[in-house]
Amino acid sequence: MSLAFDALLCLLALLAALRAVAAGEGFSRVAAFMAYGLILGLVWVRLAAVDVALTEVAVGSGVTGLVLLRAVARDDAPAPLAAGLAYRLLAGVVALLVFAGLAAVVLLLPEPAPSLAPEVARHLPATDLGNPITAVLIVFRALDTLLETVVLLLALIGVWALSPDRTWAGRPAVLLPAPWSGALEFLARLVVPVGVLVGLYMFWAGADVPGGAFQGGAVLAAMALMAIAAGLLPRPVLARRRLRALLLAGPFGFLLVGVLGWVFADAFLAYPPGVEKAVIILVEAAITLSIAVTLALLVLGPPVAEETE
Amino acid sequence: MSAETLFGLAAAALCAIGIYGLMVGRGALARLIAFNLLGGGVFVLFGVVARRGAGAGFGGDPVPQALVITGIVVAFSATALGAALVERLAQLRAKGGAPSEEPEADT
């Protein structure tokens, strides 16, 4: 029975993926892609990875979909000619080869499966955390997470760098150039407070149950975007020092804790013994805040000149 | 067939669809979407490996799961940058300075 459900999920994911690569206008392809992300979220739940499911739905489907929708709306490039039949056949053959290779790998995976789960379970008590994924992200593989926050920051700098010099200090373009409607504002007034609470809860509960900095940050970013789209919040002025401090708090706070690890513990990114939990929560709070602001600004896009709105 | 094998084969098919889309995609945005489809397939493949490593009271090996979370966020960063580049190209085209999709012969 559950295998039938899993097969149905796989089928839906494949159909959504095919729809997303099929010919058609950009908007419907992005919609198919967002559906694909939601279905993958269910797949992740079936794979007993609820943390990943939350991230996939919030970031992989939601925020990525928003960015793609924005790009579709602003990109007016004429679609280049479709590739020739021979080339499409070649691409099909390459895709089949990739499928055959990966399928062989899946069928020949070693038995018993190698796993670091016992190692994580053995060291989990030392971190005072109940969620093993948060422990891996913030403690055992802290360097990955530190670099990840830096990657987000670099992507934002890259996006901003695409604006002309004279608009550098301005505001991003209007996300939703729709006529004013009371419905959106009403919805935002209703949803945003609840959503902010959900985001904060995901961050706070992430220590012990599925959730964490990335999932909570993504929900907070979505709420900020909704408030901005509904006109409840002004579009941010990107040159504001306070905004930039929020962007830097996560990566550089994490880095500072890492360097202090040499002083108070015995290694880079080691947490001082005795107060691990408090330091971990501080680090998580800082990166949640920075992730929320960075994600929202990445969706809003580069600053534009005011007169072109 | 176990659920893990089923999801693994589906992930392999998703990767193949992504590769196909990357090769035949019409326009930069189509390729950006295909890149994300490919990424989703790779992540699920890794998730299958994590699920097979279940043990010690966890439903899956937490290390690959955490790496996938990192991967999803990094893939989003790359997508956001790519989308901004596409929009910038559209702006330049509108201004007339139009770098077209085909490289010019004499530059």
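This structure is a prediction, so every number in the text was calculated from the model and none was measured.

1. Examining the overall build of chain B
Helix and strand content of chain B: 3 helices and 0 strands. Order of helices (α) and strands (β) in chain B, N terminus to C terminus: α-α-α. Relative to its full complement of 107 residues, chain B shows a buried share of 58%. The long-range fraction of contacts in chain B, counting pairs at least 24 apart against all pairs at least 6 apart in sequence, stands at 46%.

2. Notes on the pattern of salt bridges
A complete count under the given rule lists 7 salt bridges over all chains for this structure. One salt bridge in this structure joins B:Arg52 and A:Glu111, with 2.9 Å as the shortest N-O distance. Of this pair, B:Arg52 sits in helix α2 (residues 28-52) while A:Glu111 sits in the loop between α4 (85-107) and α5 (117-127), on two different chains. With a relative accessible area of 68%, A:Glu111 lands in the exposed category. Three or more residues joined by partner-sharing salt bridges are found here, namely A:Arg70, A:Arg74 and B:Glu87.

3. Considerations on the interface of chain B and chain A
At the junction of the two partners, chain B supplies 70 residues and chain A supplies 83 residues. Summed over both partners, the interface of chain B with chain A buries about 6900 Å², with 79% contributed by carbon and sulfur atoms. In this assembly, chain B and chain A are joined by 3 salt bridges. Linking chain B with chain A are 11 residue pairs in polar contact (both at pLDDT 80 or more), by the criterion used here.

4. With respect to the packing of helix α8 (residues 182-205) of chain A against helix α9 (residues 213-229) of chain A
Two quantities define a packed helix pair, namely the angle between the axes and the distance from one axis to the other. Residues and elements named next belong to chain A. At their nearest, the axes of α8 and α9 sit 8 Å apart, and the two run at 165° to each other. It follows from the interaxial angle that α8 and α9 lie roughly antiparallel. Relative to α9, the crossing made by α8 is left-handed. Every residue of α9 that contacts α8 at Leu184, Leu187, Ala188, Val191, Val192, Gly195, Val196, Gly199, Leu200, Met202 and Phe203 is listed here: Gln215, Gly216, Val219, Leu220, Met223, Met226, Ala227 and Ala229. Residue classes in the contact of α8 with α9 are distributed as 15 nonpolar, 4 polar and no charged.

5. Considering the side chain of A:Ser61
Residue and element names in this part refer to chain A. Within the secondary structure, Ser61 sits in helix α3 (residues 50-74). What makes Ser61 buried here is its relative accessible area of 3%. Leaving out residues up to four positions away in the same chain, Ser61 has contacts with Met34, Gly37, Leu38 and Glu56.

6. Looking at the domain arrangement of chain A
All names here are of chain A. Each domain of chain A was delimited in the assignment, giving domain 1 (1-75) and domain 2 (123-309). Taken together, the contacts link 11 residues of domain 1 with 15 residues of domain 2. Here domain 1 packs against domain 2, burying approximately 1100 Å² in sum over the two surfaces, 69% of which is carbon and sulfur. The interface formed by domain 1 and domain 2 includes 0 salt bridges. Where domain 1 touches domain 2, the interface holds 6 residue pairs in polar contact (both at pLDDT 80 or more). Looking at the side of domain 1 that touches domain 2 residue by residue, the class counts come to 7 nonpolar, 1 polar and 3 charged.

7. Looking at a nonpolar patch on the surface
All names here are of chain A. On the surface, a nonpolar cluster with roughly 900 Å² of combined accessible area is contributed by Leu248, Phe252, Leu255, Leu256, Val259, Leu260, Trp262, Val263 and Phe264. Among the secondary structure elements, Leu248 is positioned in helix α10 (residues 241-264). For Leu248, a relative accessible area of 38% gives the class partly exposed.

8. Some words on the nonpolar core
Counting residues in hydrophobic clusters, the biggest one holds 98 residues, and the most contacted among them are A:Tyr36, A:Trp44, A:Phe254, A:Tyr271, A:Leu297, A:Leu298 and B:Phe76. Formed jointly, this core draws a minimum of three residues from each of two domains, domain 1 (1-75) and domain 2 (123-309) of chain A. If sequence neighbours within four positions are ignored, A:Phe254 has contacts with A:Ile138, A:Ala142, A:Thr145, A:Leu146, A:Ala249, A:Leu269, A:Tyr271, A:Val283 and A:Ile287. A:Ala188, A:Val192, A:Ala227 and A:Ala230 belong to the second-largest nonpolar core, a separate cluster that totals 6 residues.

Scoring rules and cut-offs
- Residue numbers run consecutively from 1 along every chain, following the written order of its sequence.
- Key to labels: chains lettered from A, ligands numbered from 1, both in the order written.
- Local features in this predicted model are restricted to residues of pLDDT 70 or higher, and side-chain atom pairs are both shown and tallied only at a pLDDT of 80 or more, whereas totals for entire chains, interfaces and linings draw on every residue.
- Heavy atoms from the whole structure form the basis of all side-chain values; hydrogens and water molecules are not counted.
- Secondary structure counts use DSSP, requiring at least four H or I residues in a row for a helix and at least two E residues in a row for a strand, with both numbered from the N terminus.
- Whether a residue is buried, partly exposed or exposed follows from its accessible area with a 1.4 Å probe, protein chains only, as a fraction of its type maximum: under 20%, in between, or over 50%, in that order.
- The criterion used for residue contact is that any of the two residues' heavy atoms lie within 4.5 Å.
- A pair is scored as a salt bridge if a Lys or Arg side-chain nitrogen falls within 4 Å of a carboxyl oxygen belonging to Asp or Glu.
- Once two parts are put together, the accessible area they lose, assessed with a 1.4 Å probe and summed over both, is termed the buried area.
- The term polar contact refers here to a pair of N or O atoms within 3.5 Å; inside protein, the definition further demands a hydrogen-donor-capable atom paired with an acceptor-capable atom, and it admits residues adjacent in sequence only when both atoms are side-chain atoms.
- Throughout, an axis means a line fitted to C-alpha atoms (over the contacting stretch in the case of helices), and angles, computed between N-to-C directions, take values from 0 to 180 degrees.
- For this classification, under 35 degrees means roughly parallel, over 145 means roughly antiparallel, 65 to 115 means roughly perpendicular, and everything else is oblique.
- Should the near helix be turned anticlockwise from the far one by less than a right angle, the crossing is left-handed, and should it be turned clockwise, the crossing is right-handed.
- Three classes are used: nonpolar for Ala, Val, Leu, Ile, Met, Phe, Trp, Tyr, Cys and Pro, charged for Asp, Glu, Lys and Arg, and polar for all others, with Gly counted as polar.
- Domain borders in the structure are assigned automatically or taken from a domain database.
- Every patch collects residues that have over 30% relative accessible area and no salt bridge, joining them within 9 Å if they carry like charges and within 5 Å if they are nonpolar side chains (Val, Leu, Ile, Met, Phe, Trp, Tyr).
- Areas reported as accessible are Shrake-Rupley estimates using a 1.4 Å probe. Residue values count occlusion only from the protein chains shown.
- Buried residues of nine kinds, namely Ala, Val, Leu, Ile, Met, Phe, Trp, Tyr and Cys, make up a nonpolar core once their side-chain atoms join them within 4.5 Å.

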